Amino acid sequence: MLINTRFKIGDECYYVYTKKQRYPFLVKIGRVTFDSSRKNKIMYDTDFNDDDGSFSMYVGMPEKNLFETYEEAEKYLQSIQ
């Protein structure tokens, strides 16, 4: 089975997960998982081999909370606040 994902390993994007954030977090995709037990959700984890510390580390990020640009992420964050 072939599953097309919005983001690929190594992609940089922005993550918004709570309305309490002050700004979107820059993340780098390190792993993509498909969980059939959770209604076929695609989930993303950050790259844990980030040596320079420029990326935040998160696991289990749903695709709906990831954005290609800072502007898209900031607009979404403002809409949920």
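Here, the structure is the one placed above.
Rules and cut-offs
- Residues numbered from 1 in each chain as written.
- Predicted model: local features only at pLDDT ≥ 70, side-chain atom pairs only at ≥ 80, totals over all residues.
- Heavy atoms only, no water.
- Buried < 20%, exposed > 50% of the residue type's maximum accessible area, 1.4 Å probe, protein only.
- Helix = DSSP H or I, 4+ residues; strand = E, 2+ residues; numbered from the N terminus.
- Pairing = 2+ DSSP bridges.
- Salt bridge = Lys/Arg side-chain N within 4 Å of Asp/Glu carboxyl O.

For the rest of this paragraph, the subject is the pairing of strand E3 (residues 41-46). In terms of residue burial, E3 counts as a mostly covered element, since five of its six residues are buried. Pairing between strand E2 (residues 25-35) and E3: six bridges, direction antiparallel. The residue bridging Asp35 from the neighbouring strand is Lys41, located in E3. Here E3 pairs with strand E4 (residues 61-62) via two bridges, running antiparallel. Across the sheet, the residue bridging to Tyr44 is Met61, located in E4.

A few words on the sheet that holds strand E5 (residues 66-67). Where strands meet in a sheet, backbone hydrogen bonds hold them as pairs that are either parallel or antiparallel. Taking strand neighbours across the sheet as the criterion, the five strands line up as E4-E3-E2-E1-E5 in an open arrangement whose pairing is antiparallel. Across the chains shown, the open sheet's two edge strands, defined by having one partner strand only, are E4 and E5.

This part is about the pattern of salt bridges. Pairing between side chains becomes possible if they bear opposite charge and their charged atoms approach one another. Applying the stated criterion across every chain, the model contains one salt bridge. Where Asp45 meets Arg31, a salt bridge forms, and the shortest distance between an N and an O atom there is 2.4 Å. Taken as a pair, Asp45 in strand E3 and Arg31 in strand E2 lie far apart in primary sequence, 14 residues in all. On the basis of relative accessibility, which here comes to 5%, the residue Asp45 falls in the buried class. Under the relative-accessibility criterion, Arg31 is labelled partly exposed at 48%.

Our focus in this paragraph is the pairing of E2. Remember that side chains alternate between the two faces of the sheet whenever the strand is regular. In this structure, strand E1 (residues 12-15) lies alongside E2, joined through four bridges in antiparallel fashion. Across the sheet, the residue bridging to Cys13 is Val27, located in E2.

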